Amino acid sequence: MTVTVRFAPSPTGYLHIGNARPALMNWLFALREGGRFILRYDDTDLERSREAYAQAIGEDLEWLGIVPHEVFRQSDRLAHYDAAVERLKAAGLLYPCYETADELERRRARARALGRPPVYDRAALRLSAEDRERLEAEGRTPHWRFLLPDHEGDPFSTRRTDVTWDDLCRGSQSVDLASLSDPVLIRADGSYLYTLPSIVDDIESGVTHVIRGEDHVANTAVQIAIFRALGATPPVFAHHNLLTTASGEGLSKRKGDLSLRSLREQGLEPMSVASLAVLTGTSHAVEPAESLGVLSAMVTLDDVSRSSAKFDPDDLLPLNARLVHSLPPEAVDMRLKGMGIGDGETFRAAFWLAVRENCQKVADASAWWRAIAAPGRVAPADDDAAYLELAARLLPDEPFDEGSWSDWTGRLKAETGRKGRALFLPLRRALTGLDHGPDMKALLPLIGRRSSVARLS
Ligand code: GLU
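An account of the accompanying structure is given in this report. (Residues numbered from 1 in each chain as written. Predicted model: local features only at pLDDT ≥ 70, side-chain atom pairs only at ≥ 80, totals over all residues. Heavy atoms only, no water.)

**Considerations on helix H2 (residues 51–64)**
For the record, the criterion: Secondary structure elements follow DSSP: runs of H or I of four or more residues count as helices, runs of E of two or more count as strands, with numbering from the N terminus. Here a helix's expected span is defined as the number of its residues, less one, multiplied by 1.5 Å. Categorising residues by exposure relies on relative accessible area from a 1.4 Å probe, with only protein chains included: less than 20% of the type maximum marks a residue as buried, more than 50% marks it as exposed, and the intermediate range marks it as partly exposed.
With 14 residues, H2 should cover 20 Å at 1.5 Å per step; its first-to-last C-alpha distance of 20 Å lies within 8% of that length. The complete set of buried residues in H2 reads Ala54, Ala56, Ile57, Asp60, Leu61, Trp63 and Leu64. The first or second residue beyond H2 is Gly65, which carries a positive phi of 105 degrees.

**With respect to the sheet that holds strand E4 (residues 94–97)**
Counted only if it meets this: Pairing between strands is defined by DSSP: at least two bridges between the two strands are required. Only the stretch in contact is used when a helix axis is fitted, and all axes are lines through C-alpha atoms; the angle between N-to-C directions ranges over 0 to 180 degrees.
The sheet built from three strands is open, its strands ordered E4-E5-E8 with antiparallel pairing. Since the sheet does not close on itself, it has two edges, and those belong to E4 and strand E8 (184–186), each with one partner. Between one strand and the next, the sheet's axes are offset by a mean angle of 45 degrees, whatever the strand orientation. For strand E5 (residues 143–146) and E8, the ladder comprises two bridges, and the chain directions are antiparallel. Bridged to Arg145 within E8 is Val184.

**Structural notes on the layout of surface pockets**
The test is simple: Computed over the protein atoms alone on a 1 Å grid, cavities are sets of points where a 1.4 Å probe fits but cannot get out and pockets are open sets with protein on both sides within 12 Å along at least five of seven lines; a residue lines them when it has an atom within 4 Å of a point. Grid points are joined across faces, edges and corners, and a volume is the space filled by probe spheres set on the points. The classification used treats Ala, Val, Leu, Ile, Met, Phe, Trp, Tyr, Cys and Pro as nonpolar, Asp, Glu, Lys and Arg as charged, and all other residues, Gly among them, as polar.
What the largest pocket holds in volume is close to 1100 Å³. In terms of lining, the largest pocket is formed by 41 residues, of which the most central are Ala8, Pro9, Ser10, Asn19 and His216. Residue contributions to the lining of the largest pocket peak at four residues, all from helix H1 (residues 17–33). Split by residue class, the lining of the largest pocket holds 13 nonpolar, 18 polar and 10 charged. Put simply, the second largest pocket is a space of about 560 Å³. Lining the second largest pocket are 22 residues, with Pro117, Pro118, Val119, Tyr120 and Asp121 sitting closest to its centre.

**Here's the deal with the sheet that holds strand E3 (residues 70–73)**
Selection criterion: Contacts are assigned to residue pairs that have any heavy atoms within 4.5 Å of one another.
Reading across the sheet, the three strands line up as E1-E2-E3 and stay open at both edges, with parallel pairing between neighbours. Here the strands that pair on one side only, and so sit at the sheet edges, are strand E1 (4–7) and E3. Sheet twist, expressed as the average angle between the axes of neighbouring strands with direction ignored, equals 25 degrees. Strand direction decides the pairing type here: E1 and strand E2 (residues 36–41), joined by four bridges, are parallel. Residue pairing in the sheet places Phe7 in a bridge with Leu39 of E2. Along the sheet, H2 makes contact with E1, E2 and E3, crossing E2 at roughly 155 degrees. Relative to E2, helix H6 (residues 195–204) is tilted by about 150 degrees, and along the sheet it contacts E1, E2 and E3.

Have a look at this one:
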């Protein structure tokens, strides 16, 4: 069976870096296994779902380098969920309940006061057809619960029923169904909660592995029971730790500045975002990986640690800088061209190799380009004017190469006795308009003889 995974966001907002983690864990797993990746929009909550968010999610995944093999929306598949409901009802596994939220809360409070677990007591199963008619005549509409298989025929006499699964991140897991309430699958307004549609889709799209955040681990035993009730073999599950900021703050509060959109707009590289989103909270150091292929060969679900995955948003920029320092010219050529940099690919390659160590983001290259192509003019200090005149005369002939700068400054040193800052800084200022920047031996050939002479005089 082809390995098939899915990433199933609700299109109710933009993806943030915390959502990138499950998306990438699934994608990397599919890459490693030669499998398929499905993007499924969990949009049964029609009030909160927006088409614009669905589109944005697709774009943000593409920016990360994720190209789904298949995309679909749950709102297009309601008939499939309705069919599953009919099957569960026919099997006597889905029953109508009429309690209001207040009534349920009062019952839970009572159970807690008596020291009992606040598990739903299946009271609705005792209702007769007349009771139900009366309640519906009062204007109540039912919500529907799935009858958990924690009994041997008599649902009021439950027994310990362990559901176990071998979680690819957390190891062997076991949950006693008798300790859980029968889950509500359909709300009183007829809308679906996420549980049943997700299972129906996982079955019908042949999902073999469900990889998701550990906030879903509590639902898994119930979901396994429903998979079985629908006659399906449950997929393999993996629940990874959730990304949180160093202060333990959930990412939802920081969605704005940590949304993938805003990270992209801030000029961060997708691979630095992906490296941080995946490697944090694993047995690997958080290093910039050069491609998703490299990440997928490196990280397995087994490497995910049991503790939380805390990161400091301030680490993103230094991580990005490290990635940028090693980006080869061909990886940035189009972008440099877009910034109006240089004439021709060979020139841009030399330019990039000269400036990349001085860039935290690729966009920083444009400031260095200004320094090379059209620097601000800095009036030389009085005692430097003659020095610059001499420098113009001693400038070697072209072609310039990496040795030209040291030939030139060597001659100037011999002629003037200057050294250190006094030797170099007036030249850097005159040629680039700046006091600091990339190595002058790489910049001089890019500036060229004619411009250099003009800037020295
Ligand atoms: N729509 C669910 C969520 O965003 C999907 C959970 C799952 O992967 O099963 O949390």
